[in-house]
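# A look at the structure
Listed below, chain by chain, are the residues.
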Amino acid sequence: MEDVAVLVEVSRDRALRRWVSSVVDNNADGTRWVQAQQQGWATGDRFGFAVLEAQPGSVREQLVGNVVLKEVTSGKPAAEVGYWTAAHARGRGVASRALEALTSWAFDTFEGDGLERLELLHQVDNPASCRVAQKSRYDFDTILPAAPPSFPRDGHLHIRRASA
């Protein structure tokens, strides 16, 4: 909850707002978003992680992004990953490093429950997410048709298998 104000500030970025499904306009929205992340952990089906960066001369780390593992169900072979990066942290490999850490954690944690693959979806007009997927060894699989209103454009499905 201590990062709600920073989350609101980061969420003002137009580029970020174009790609995320949850809009955070104010502290109340930010609080609801953080509570939804906490609820996912409590139910065990969605695991969100803040991506933080150490700041020289400060004991407090700066919020630079988020990664999430979602739709996790015991016995289900696939789950989905997602991420976003704050504008001030883009272009420095933050998303791909965070996604790699999440991927390793997900397979280490849930492979025994039947997790075999992770799916990464993004809109076709988001080349930055395509580059993150490629850097993180998520292979392009197929183009998914648009599904408005949540997914107004066609999308790419990338997959990473536990054995990759």
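First things first, this report covers the structure right here in the doc. Treat the numbers as computed from the prediction; the structure is a model and nothing was measured.

So, how was this worked out
- Residues numbered from 1 in each chain as written.
- Predicted model: local features only at pLDDT ≥ 70, side-chain atom pairs only at ≥ 80, totals over all residues.
- Heavy atoms only, no water.
- Phe/Tyr/Trp six-rings, centres within 6.5 Å; stacked < 30°, edge-to-face > 60°.
- Helix = DSSP H or I, 4+ residues; strand = E, 2+ residues; numbered from the N terminus.
- Buried < 20%, exposed > 50% of the residue type's maximum accessible area, 1.4 Å probe, protein only.
- Expected span 1.5 Å × (residues − 1).
- Contact = heavy atoms within 4.5 Å.
- Pairing = 2+ DSSP bridges.
- Axes fitted to C-alpha atoms, helices over the stretch in contact; angles between N-to-C directions.
- Core = buried A, V, L, I, M, F, W, Y, C linked by side-chain atoms within 4.5 Å.
- Salt bridge = Lys/Arg side-chain N within 4 Å of Asp/Glu carboxyl O.

## Concerning the packing of aromatic side chains
All told, the structure shown has eight aromatic pairs when counted by the stated rule. For the ring pair Trp41 and Trp105, a centre distance of 6.0 Å and an interplane angle of 45° mean the geometry is tilted. Taken together, the residues Trp41 in helix H3 (residues 27–43) and Trp105 in helix H4 (residues 94–110) connect sequence positions 64 residues apart. We classify Trp105 as partly exposed; its relative accessible area is 27%. The interplanar angle of 65° and the centroid separation of 5.6 Å between the aromatic rings of Phe47 and Trp105 together place this pair among those described as edge-to-face. Of this pair, Phe47 sits in strand S1 (residues 46–53) while Trp105 sits in helix H4, placing them 58 residues apart in sequence. Under the relative-accessibility criterion, Phe47 is labelled buried at 6%. The structure contains a cluster of three or more aromatic residues connected by ring pairs, namely Trp41, Phe47, Phe49, Trp105 and Phe110.

## Some details on H4
Under the 1.5 Å per step criterion, the end-to-end length of H4 is 24 Å for 17 residues, consistent within 8% with the ideal 24 Å. Every buried residue belonging to H4 is among Val94, Ala95, Ser96, Ala98, Leu99, Leu102, Thr103, Ala106, Phe107 and Phe110, and all of these are buried. The secondary structure elements touched by the buried residues of H4 are S1, strand S2 (62–70), strand S3 (78–85), strand S4 (117–123), helix H5 (127–135) and strand S6 (155–161).

## Concerning the sheet that holds strand S5 (residues 139–144)
Across the sheet, which stays open at both edges, the six strands sit in the order S1-S2-S3-S4-S6-S5 with mixed pairing between neighbours. The open sheet terminates on both sides in strands that have one partner only, identified here as S1 and S5. Averaged over neighbouring strand pairs, the angle between their axes works out to 25° when direction is ignored. Strands S1, S2 and S3 of the sheet are contacted by H3, whose axis makes an angle of about 125° with S1. Together, S1, S2, S3, S4 and S6 form the strand contacts of H4, whose direction differs from that of S2 by roughly 35°.

## So, the nonpolar core
Residues Leu69, Val81, Leu99 and Leu118 are the most contacted members of the largest nonpolar core, which totals 24 residues. Elements that contribute at least two residues to this core include exactly S1, S2, S3, H4, S4 and H5. In terms of residue count, the dominant contributor to this core is H4 (eight residues). Excluding its chain neighbours within four sequence positions, the residues that come into contact with Leu99 are Val67, Val81, Tyr83, Leu120, Val132, Ser136 and Tyr138. If you look at the next biggest cluster of nonpolar residues, it comprises 11 residues, including Leu7, Val10, Val24 and Ala86.

## A word on the pattern of salt bridges
Under the counting rule described, the total for this entry stands at 10 salt bridges. Linking Arg12 and Glu9 is a salt bridge whose minimum nitrogen-to-oxygen distance equals 2.6 Å. Classification of Arg12 as exposed rests on a relative accessible area of 51%. Note that Arg117 is salt-bridged to Glu119, the shortest N-O span being 3.3 Å. Each member of the salt-bridge network shares a partner with another, and the members are Glu100, Arg137 and Arg160.

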